[in-house]
Every structure is written in C-alpha cells, then in structure tokens.
Amino acid sequence: MAGLHSSSRPSSSSSLSSSSSSSSSQQVFTSRLLLLLTLLPLTLAFFAFVLQWRGGLTDPVTRWSPDPFQFPGMDNPGSNVGSDRRSGSDCIDLLGRSKSPAFPYFKDWKFDVGSDLNPKICIISSTSAGLEQTLPWIFYHKVIGVSTFFLFVEGKAASPNVSKVLESIPGVKVIYRTKELEEQQAKSRIWNETWLASFFYKPCNYELFVKQSLNMEMSIVMDAGMDWIIHLDTDELIHPVGAREYSLRQLLAGVPGNVDMVVFPNYESSVERDDVKEPFTEVSMFKKNYDHLPKDVYFGNYKESTRGNPNYFLTYGNGKSAARIQDHLRPNGAHRWHNYMKTPNEIKLDEAAVLHYTYPKFSDLTSRRDRCGCKPTKEDVKRCFMLEFDRAAFIIASTATEEEMLRWYREHVVWTDKELKLKLLRRGILTRIYAPMVIIQGLRDSGLFGSVIQSAQTTLSKEIKSSNTSRVDKPGMISSRKIGVKETTATARRILEIPNETSYESAIPPLSPPILDGLHIGI
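An unreviewed UniProt entry lists the chain under the name Glycosyltransferase family 92 protein, with Gossypium barbadense as the source organism.

(A) Spatial organisation of the packing of aromatic side chains. Summed over all chains, the structure comprises 20 aromatic pairs. Look at Tyr298 and Tyr302: their rings are 5.7 Å apart centre to centre, the planes differ by 70 degrees, and that puts the pair in the edge-to-face class. Per residue, the accessibility class of Tyr298 equals that of Tyr302, and both read buried. Judged by centre distance (5.0 Å) and plane angle (40 degrees), the ring pair of Tyr312 and Phe313 falls under tilted. Considered together, Tyr312 and Phe313 belong to a single accessibility category, that of buried residues.

(B) Structural view of the state of the cysteines. Scanning the model with the defined rule gives two disulfides in all. Between the sulfur atoms of Cys204 and its disulfide partner Cys372 the distance amounts to 1.7 Å. Where Cys204 bonds to Cys372 through sulfur, the torsion about that S-S bond is close to 90 degrees, and the disulfide is right-handed. Of this pair, Cys204 sits in the loop between helix 6 (179-186) and helix 7 (205-220) while Cys372 sits in the loop between helix 12 (364-370) and helix 13 (381-384); the two residues are 168 residues apart in sequence, bridging distant segments of the chain. The same class applies to Cys204 and to Cys372, which are both buried. Between Cys374 and Cys384 runs a disulfide, and the two sulfur atoms are separated by 1.3 Å. Between Cys374 and Cys384 the disulfide shows an S-S torsion of about -55 degrees. By sign, it is left-handed. Within this pair, whereas Cys374 is found in the loop between helix 12 and helix 13, its partner Cys384 is found in helix 13, the two being separated by ten residues in sequence. Taken individually, Cys374 and Cys384 each receive the classification buried, so the pair is uniform in this respect.

(C) Just a nonpolar patch on the surface, in detail. Together, Phe29, Leu33, Leu34, Leu36 and Leu37 line one region of the surface with nonpolar side chains, adding up to about 520 Å² of accessible area. If you trace the backbone, Leu37 turns up in helix 1 (residues 2-52).

(D) Structural context of the packing of helix 4 (residues 131-143) against helix 5 (residues 160-167). For the pair helix 4 and helix 5, the least separation of the axes is 11 Å and the interaxial angle reads 10 degrees. In terms of orientation, helix 4 and helix 5 fall into the roughly parallel class. Along the contact surface, helix 4 presents Leu131, Thr134, Leu135 and Ile138, while helix 5 presents Asn161, Val162, Val165 and Leu166. Here the contact of helix 4 with helix 5 is built from residues that sort into six nonpolar, two polar and no charged.

About the criteria used
Residues numbered from 1 in each chain as written. Predicted model: local features only at pLDDT ≥ 70, side-chain atom pairs only at ≥ 80, totals over all residues. Heavy atoms only, no water. Phe/Tyr/Trp six-rings, centres within 6.5 Å; stacked < 30°, edge-to-face > 60°. Buried < 20%, exposed > 50% of the residue type's maximum accessible area, 1.4 Å probe, protein only. Disulfide = S-S within 2.5 Å. Helix = DSSP H or I, 4+ residues; strand = E, 2+ residues; numbered from the N terminus. Patch = residues over 30% accessible without salt bridge, like charges linked within 9 Å, V, L, I, M, F, W, Y side chains within 5 Å. Areas by Shrake-Rupley, 256 points an atom, 1.4 Å probe, with all protein chains shown as cover. Salt bridge = Lys/Arg side-chain N within 4 Å of Asp/Glu carboxyl O. Axes fitted to C-alpha atoms, helices over the stretch in contact; angles between N-to-C directions. Parallel < 35°, antiparallel > 145°, perpendicular 65-115°, else oblique. Contact = heavy atoms within 4.5 Å. Nonpolar A, V, L, I, M, F, W, Y, C, P; charged D, E, K, R; others polar.

So, in structure tokens, the structure goes:
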C-alpha cells in the first residue's frame, strides 16, 4: 500500500503542473486576443483618417498625370492646385481629383498648344455671325482637338469689334472678303471648270455655295501643316462619338492610312421652345440621320417625323466631311472633297455626326429673309434656295405678319407635341445629346469668353494707333497678315497646273434625306 501511494504522487503532481501550464497559455492567448481586438479598430480608424486626409501629400494620380491642369479659364497652372482642391471639398473624389470638367489638350485659356496635337486638324468656315455664336463654336472645337481655324468673314463677323477678338485667339486665321480676295479667287481653276458651273451667277444660297467652295480651295494651299481639313458652318458642331474619348483628334487618329475622306452624317436640331436664345446650350434634342437608322424605322416613321414639312429634315441631310491633306485635293462643293488625280477612298462613320442647329431661333426666319433679295413667289425662290423648306420659310417671312410667322414657326419647327416626341425618342428617330451643351456651358461659366473679349479690347487701342502704317497693303494683293498664313508655292502648283481637259461630275449640293416613295408634301 505504501508502495502504491508512493507511486501515485508524481502522477498527481504532473497533472497539476500540466493544468497550470494550460491555464497560463490560455491567459496569454486571451490577453493577446484582447490586445488585437483593441489595436484593430484603432488601426482601421487611423487608416481611414489617412485616406480622408487632405493634407500636403501629393496625390499619386496628380503626380503622374501628363497634364494635371484644370478646366480652361479657371486657375492658371502656376497656382496652388492643392489648396484650391482642399477648399472645394464637395467636388473631390476619393483620388483627390476635381469633378469639374477637365480637358487634356490645353494648358491655359488661350489654348495655345496646337503644336503638340496629332493629327493636326483644321476647320474652314465662311461666316457673318457675331461673337455670341462664333466664340462658343471655336472653343468647343478646340476642346475636342481642333488646332487651326480659317475664318472667311463678312458682315458682322468682319466688323472691327468682332474681327479683332477673333484675330486674338491663337490658331484662328481671319480672312476678309476684300476686292483683292475676289480678284484672286476669280483666277481660280474652279471658274474654268464645269463641276461648279451650274451654281454660278445665282443669288442667295447658290452664291454662298460658290463662295464656300472657293474658300475651301484657297484653304488647301495655305501652309498650316495640317493633316485633316473640314468645312463647317458656324451653326454646326462635330459630335465625335465612337472613339475612346470625346475627341475628334482621337477619332481621326484611328482612321486607316488608306482612307482619304471621312463623312460625318448630320443630325438636325429639334427645338422644343420658340424662345431659344443660345442654341448650343439650350437645345439637346436632335433628329437622327437616315444613315444611322434602320430602314424600317426611318420609313416606318417618316410621315410622323416630317410633321407636314417637305422632307424628313428641314434642310440638308448629306452630312459634312473631313479630308486628309494630300496632293491634288480639291473641294467638291461645301459638303464633300475630291481629288483631281483619283477617286477618294471614302468611309462614313456609323456613330459620329455633325450636329446642325437648323432654324433654332425664331429670328432665323427674318435674318435669312434679310440676306436675300428674291421675290417671295414660288417661282422666284427657286433661283435663290436649293431646298424646299428654305423656300417656304422665305415666303412666310416675307409676306406674313409677325404673329402669323410665329404660328407657322411653332407648327413647322418647334416640337410641341409631347406624346409624339416621346414616341419618336423611344423609336430612336429623336435622340438626346448633352455633351456639347455641357462643354460650352462649362466654358461660359469659367469666364473664358469674357476673358477673350477683354484681352482683345485691351490691345485694340494700341493697334488703332499703328493701323495706318502696319496694315497698308500693296494694291492688287492680299496681305499675308489678313490670310494669316503663307502660301506654299509648290503645293499650289501641284493643284493648279494639272491639265484642264478632264471634265468632272457636278459638285455635290446640299441634299435632302431619302423621301418615302409616293409621298409628296407641300407647305
């Protein structure tokens, strides 16, 4: 028994020791777990504080961004961007970037960085519009990547108060319709060929069509180092969808090298009020082009879409085009380009478009009437206008009272039927487009347009003092200052010294969209 008791004591002692060790380990584990549970929320809270901190650390996105500058017209690159961003906490996202619109092509309000854009794009326009239309038009296209503008100005656009502002904008070349210009264009090859001859010596729209073609021809031989050239009116905006960015530059950069011409189908504005003042920022609804619609949708909704007008569109429906700069290029009317030595390889874009703001203001009825001296008869207006709606609008504006004109405008131009609008929006005939509106309103809100005008006015008085000496031109010549660029003699020879024996088809005029067979509408 004594032996038995003696042998059992170590076992009891060992068990007690093991139990004590286990209890000690559990205590250590518990204390460590408590420590971890205490430190974890503190760590998370600290990490959250670091993420939300708007201190002096440089945002890595900003540090590596190739162009971290803000929206044109806002603070200059030299300002303290970080402090500005801290003050507007409501406009900051998690990465510390402003949610205000930003465009990567331009470093200040002058947008004077055209040399680093590729490809280089030029827009040529013949205009008599004032600054309220021209400035938004220019800077919108600068935003989407256009670097050079050739503006052939007349009327209000040629007045000193307007032209001085236009001349002050980098990349804008102002060409005045002077006697010298007309004499130079009278010697153009166009006047000795047949493809534009059917438009000669006719008033109003025909005269404008010829001027546009002559101006396009002159623009080709101006040495501006351009890759692409586009003819556009100042009531038209390029809508460059289809590329990774909302960028005409990127869109044309993706065009294959064997393509000579890119056609942009046009969409037509569909105004919803009769008191529109600024179409670019007040109009968001457009009617799609035939080329961007299934045939069954187009023809199936044709009658409802016309609303009693002569055609699906009020005016033209054959779009505008961009041409790659190359030897022997020539215009083919205001809507297309051609080549003296070959038939251009042409593609038509299936997403991008030209937004045409057609009769968006009630005053457009009388302004068009005042520019044309034709008689308001069905026979005489055919001499002046190529499209049926323009003829009808001219007659109404010339013969009706203002109250009758407004009633006619509401019936034929303004979309007042909400059910019809909703129906055609659902079927894809009508569409909402907001990008140009947002961009132009952003430019206006930034104070850009006011800055441009103020800058031009500041220097106007200085130029007036020296104008009598610096702007004297030699008789019979157009000064390079008025054209804004030098002429490349070699390029001009390649265009003008080609034999004249070849005849060409007539220039492409503004054309209406396809009409529904058997349907004739008159107004």
